[in-house]
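Understanding the architecture of this molecule
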Amino acid sequence: MRIIRDYQYVEPQDRGASVAIGNFDGVHRGHQAVIGLARAAGGDAPLGVLTFEPHPREYFAPDSAPFRLMSAKARASRLEKLGIERLYEINFNAALAALTPEEFARKVIKDGLGLKHVVVGADFCFGNRRAGTVEHLKRFGEEMGFGVTVAEILEHEGGQVSSTAIRAALTEGRPRDAAAQLGHWHRIEGTVIGGEQRGRELGYPTTNMSIDGLHPPRLGVYAVLVEVLTGEHKGHYHGAASIGVRPMFGENRPNLETFIFDFKGDLYGATLSIGLVEYLRPEVKFDSLEALIEQMDADCARARDILEAL
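What the protein contains, in helices and strands, is 10 helices and 14 strands. Relative to the compact-globule value of 19 Å for 310 residues, the protein shows a C-alpha radius of gyration of 22 Å, a close match. Judged by the C-alpha coordinates and their principal axes, the protein covers about 70 × 35 × 35 Å. A total of 310 residues make up the protein; the buried ones form 48% of that total. Nonlocal contacts in the protein, meaning residues at least 24 apart in sequence, comprise 73% of its contacts between residues at least 6 apart. Looking at the protein as shown, the accessible area adds up to about 14,900 Å², and 49% of this sits on carbon and sulfur atoms.

What follows deals with the pairing of strand β5 (residues 117-121). Burial within β5 is extensive, with five of its five residues counted as buried. By the alternation rule, side chains of β5 split into H117, V119 and G121 and V118 and V120, which are all buried. Pairing geometry for strand β2 (residues 18-21) and β5, over three bridges, is parallel. Across the sheet, the residue bridging to S18 is H117, located in β5. Here β5 runs beside strand β6 (residues 147-151); their pairing, made up of five bridges, is parallel. Each residue of the ladder has a partner; that of V119, found in β6, is T149. Running through helix α6 (residues 134-144), the crossover from β5 to the neighbouring parallel element β6 is right-handed.

So, on to the packing of helix α7 (residues 163-171) against helix α8 (residues 175-182). Closest axis-to-axis distance for the α7/α8 pair is 7 Å, and the angle between their directions is 160 degrees. The angle between α7 and α8 falls in the class roughly antiparallel. Where α7 crosses over α8, the two elements pack in a sense that is left-handed. Along the contact surface, α7 presents A165, I166, A169 and L170, while α8 presents P175, D177, A178, Q181 and L182. Its residues assigned to classes, the contact of α7 with α8 shows seven nonpolar, one polar and one charged.

Among the structural elements, M1 can be located in the segment before β1 (2-4). In this structure, the C-alpha to C-alpha distance between M1 and A76, residues 75 residues apart in sequence, is 8.9 Å.

What follows concerns the packing of aromatic side chains. Each pair of aromatic rings is reported with the distance of its centres and the angle of its planes. Summed over the entire model, instances satisfying the criterion amount to 12 aromatic pairs. Ring centres of Y222 and Y279 lie 5.1 Å apart, and the angle between their planes is 75 degrees; on these two criteria the pair is classed as edge-to-face. Taken together, the positions of Y222 in strand β11 (residues 220-228) and Y279 in strand β14 (residues 271-281) put the pair 57 residues apart, joining distant regions of the chain. Overall, the relative accessible area of 1% leaves Y222 in the buried class.

As a further point, take the sheet that holds strand β4 (residues 86-91). Strand order across the open sheet formed by six strands is β1-β4-β3-β2-β5-β6, with parallel pairing between neighbours. Across the chains shown, the open sheet's two edge strands, defined by having one partner strand only, are β1 and β6. Across the sheet, the mean angle from the axis of one strand to that of its neighbour is 25 degrees, orientation sign disregarded. Pairing between β1 and β4: three bridges, direction parallel. Considered in β4, the bridge of I3 is made with L87. Contacts from α6 reach β5 and β6 within the one sheet, and its direction differs from that of β6 by about 160 degrees.

Analysis parameters
Residues numbered from 1 in each chain as written. Predicted model: local features only at pLDDT ≥ 70, side-chain atom pairs only at ≥ 80, totals over all residues. Heavy atoms only, no water. Helix = DSSP H or I, 4+ residues; strand = E, 2+ residues; numbered from the N terminus. Rg over C-alpha atoms; globule rule 2.2 N^0.38 Å. Buried < 20%, exposed > 50% of the residue type's maximum accessible area, 1.4 Å probe, protein only. Contact = heavy atoms within 4.5 Å. Areas by Shrake-Rupley, 256 points an atom, 1.4 Å probe, with all protein chains shown as cover. Pairing = 2+ DSSP bridges. Right-handed = clockwise from strand over helix to strand, strands pointing away. Axes fitted to C-alpha atoms, helices over the stretch in contact; angles between N-to-C directions. Parallel < 35°, antiparallel > 145°, perpendicular 65-115°, else oblique. Left-handed = near helix turned anticlockwise from the far one by under 90°. Nonpolar A, V, L, I, M, F, W, Y, C, P; charged D, E, K, R; others polar. Phe/Tyr/Trp six-rings, centres within 6.5 Å; stacked < 30°, edge-to-face > 60°.

Below, the structure written as structure tokens:
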């Protein structure tokens, strides 16, 4: 997969793609359907995604609470697994935000990227103040020579498939409901960082990962699937993870600590992907380390049973 970040400087081999346009936060089943339509419409054209970094919501409200389901790197990894050949991860800045809908269609889609076909959701808006609608896009496509397909909003038993609904499920500790909309387990991807090594002292050595910048799932303990993406221990494992502020030790910055079952080795600096499968219990401050260890024993036993049944 090739990543293109500047629509004004595009190599000839990166032009002429059939693309799905959107933010693709979570790359959920609705996003996957839009990508499928782009694949079908493109013929021999490269399959692409046109998205923006930073997320426009981050650009316009930089002080808002973290809301992203995945980092740009994790999104790129997920899109590559879906067969995306060209990721147009365009820098969202003041100049891009100021483009009128017609300027966006002409300068970005037609002249800049030279796209063959674009697919958008029925609720897609674009251009300055989100003034452009799918009807505008269809008209610009006819005038400028690129095809346009509008995808219907995907429904599931609980309503529309959306990043907002997935965030709500995660906030409420319902990772299986989130997975039903995502089409995959919700994963937190990142680099293993140094910790206080308290878990090692307790007999439960954990990997520590930051969740800064991401929408925090409900704090507590989860049964998780672990994928080690880099390093000598690459592979798939089972585990139990805690997302929280570690009240036993007076810390208050949420992070992700994962105990990988039956694993021995050094993972510092490795990139991990932690899939949330089931919420086990909330974060609790115990009266003693012995009580904490006893609960961790029970958590791990329960997590093993859940994961072995998948």
